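Examining the three-dimensional arrangement
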Amino acid sequence: MKLQINVRNVVVALVALGLLLLPLYSAATGNIFILTLFTRIVIFALAAASLNLIMGYGGMMSFGHAAYLGIGGYAVGILAFEGIGSGFIQWPVALAASALYALVIGALSLRTRGVYFIMITLAFAQMAYYVASGLSRYGGDDGLTIYRRSTFGGLIDLSNRVQFYYLCLFCLFGGVYLIWRIVNSRFGMVVQGIRSNEQRMQAIGYHANRYRLVCFVISGTICGLAGALLANNTDFVSPAGMYWTRSGELMVMVVFGGMGSLFGPVIGTILFLLLEELLSQFTEYWALVMGPLLLLIVLFARGGIMGLLGRVGRG
Amino acid sequence: MVDPLLRVEKLVRRFGGVLATDNLSLDVLPGELHAIIGPNGAGKTTLISQLTGQLTPNSGAIHFAGRDITRLPSYRRSRLGLARSFQITSLLPDFTAADNVALAAQAHDGHSFRFWGAARREKHLREAAQAALNRVGLARRGDVPVSELSHGEQRELELAVALATRPQMLLLDEPMAGLGATESARMVALLKELRQEVTIVLVEHDMEAVFALADRITVLVYGRVIASGAPDAIKSNEEVRRAYLGEQHAVTSHG
């Protein structure tokens, strides 16, 4: 693959560089808040990137992606509560639990298409939400405070803001790289082919749902990692984090940045959370601005920000 | 007597009260080009859909290469060497012509649960794709997105995709649909070449093409076979004339 110099790639490179250098800026100016904010942004960007894998490349409109954030988070929280603090145990459990959930939900929901798929993924995520609310041992509705972040045997200290930020960034870049490899692999080509024309893919010999399901599980697993990171970031997990509005926000982030573009969800998440932060300083009705903005993007920039940048590049 | 490659036995398919396929039996011999004709609503597409696995028959059986495939899903039939083209062009519009064909080759080259290596750089897949594109006269159009190909080119690409699965049998559902005179002539020439290599079942409205190409013709009316035989026999068959050709006045003037 040739690297082309165009507006889009330059923006992507600058954003990536900015994310890498952010802790230096934070240290130089003593602005700790920005590091905290961007840690959150980077984690959500990973979740949005994972959603983009099924939504943008796989054509599966999952409206229940917040469930994985919750499952990954609860895996960390519950294990910490039960006295198992090692990330070497917590994180694999978080990933495995998310993968298993995705496997079951996917196997059931992938029998449907379109609106029904959206509704069934939403319904399952809401079930996960109510199950979490019912975990009275682990705080129920009020959620569960995590008193100690995951430990990695002295390799890395998650309580150190800068180290934690870089761990999140490493996961984000790793995740995006993984998705890039997947999208261009045999498997990725098949998944995109199924999005484009399922009947045709069946006719040339692909068992479409099998590929869809595997894609669904990969996406859920990556999002489970974001959930483990998020729980460590907030030192807290609660059912509220799995609520359907959170799933909606993830979808908006993906659409903002550009569905089916590799780095789009990262840009979309940065934009969404920065706007939310900025607007909520002025008004608690920040959604009043976000709504019309989303409308404009959907109406006039189908490919999101990345689509717009692509057009600027061409002419 | 050679065993037929495709054997359809007493196939029945109902839609509500309508018998779209009525106790239909049919043999296709290896190497032949077998045309299926019939007036609109005769159940040609319903038959093709059952042969490819999009529709399940209510009763009857379909055997392909000695195997009962009646209940096999379409992707498994493709694996056995049964390829189809669609009446209404059905390709992957977001992909290039070469990608479309390479994906077909990939489907028949081991499994596709490979997540790491770049598929577009797999040389033998690209070469297989290029070979199939050459075959149908699209040698120089590989890098063009499907949505930018002309209708005629898309019909040719449909064939290339089917060929790339290295089929034993091609089921072609009206490959000439919507083609102009020159494009049709090119398609006929192409099918003439392909029939040397692969058994073909051709559903077609273009009578000129059918009589130019077919070894045998089966005529369907209301889901039933009313005649089956060599083109000359079909032309002179009274029942066919009455039921079908008569409506169209003359065999060859229909286009």
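Residues numbered from 1 in each chain as written. Chains lettered and ligands numbered in written order. Predicted model: local features only at pLDDT ≥ 70, side-chain atom pairs only at ≥ 80, totals over all residues. Heavy atoms only, no water.

The tally for this structure, following the rule as stated, stands at 20 salt bridges over all chains. Its salt-bridge partner being Glu-122 of chain B, residue Arg-186 of chain A comes within 2.8 Å of it at the nearest N-O pair. Of this pair, Arg-186 of chain A sits in helix 7 (residues 186-196) while Glu-122 of chain B sits in the loop between helix 3 (97-107) and helix 4 (123-135), placing the two residues on different chains. Ionic pairing is found between Arg-135 of chain B and Glu-193 of chain B, a salt bridge with its closest N-O pair at 3.1 Å. One end of the pair, Arg-135 of chain B, is in helix 4; the other, Glu-193 of chain B, is in helix 6 (residues 181-194), and 58 residues separate them in sequence. (Salt bridge = Lys/Arg side-chain N within 4 Å of Asp/Glu carboxyl O. Helix = DSSP H or I, 4+ residues; strand = E, 2+ residues; numbered from the N terminus.)

Residues and elements named next belong to chain B. What the domain assignment reports for chain B is domain 1 (1-81 + 168-255) and domain 2 (96-166). Between the C-alpha centres of domain 1 and domain 2 there is a distance of 26 Å. Together domain 1 and domain 2 conceal approximately 1300 Å² of surface at their shared face, both sides included; 54% is due to carbon and sulfur atoms. Summed over the shared surface of domain 1 and domain 2, the number is 3 salt bridges. The partner of Arg-135 in a salt bridge is Glu-197, with the nearest N and O atoms 2.2 Å apart. If you look at where domain 1 meets domain 2, you find 7 residue pairs in polar contact (both at pLDDT 80 or more). Listed by contribution, the elements that provide at least two residues to the side of domain 1 that touches domain 2 are helix 2 (74-80), strand 7 (169-173) and helix 6. Looking at which element gives the most residues to the side of domain 1 that touches domain 2, the answer is helix 6, with 7 residues. Here the side of domain 1 that touches domain 2 is built from residues that sort into 9 nonpolar, 3 polar and 7 charged. (Domains from an automatic or database assignment. Buried area = accessible area lost by both parts, 1.4 Å probe. Polar contact = N/O pair within 3.5 Å; in protein donor to acceptor, adjacent residues only side chain to side chain. Nonpolar A, V, L, I, M, F, W, Y, C, P; charged D, E, K, R; others polar.)

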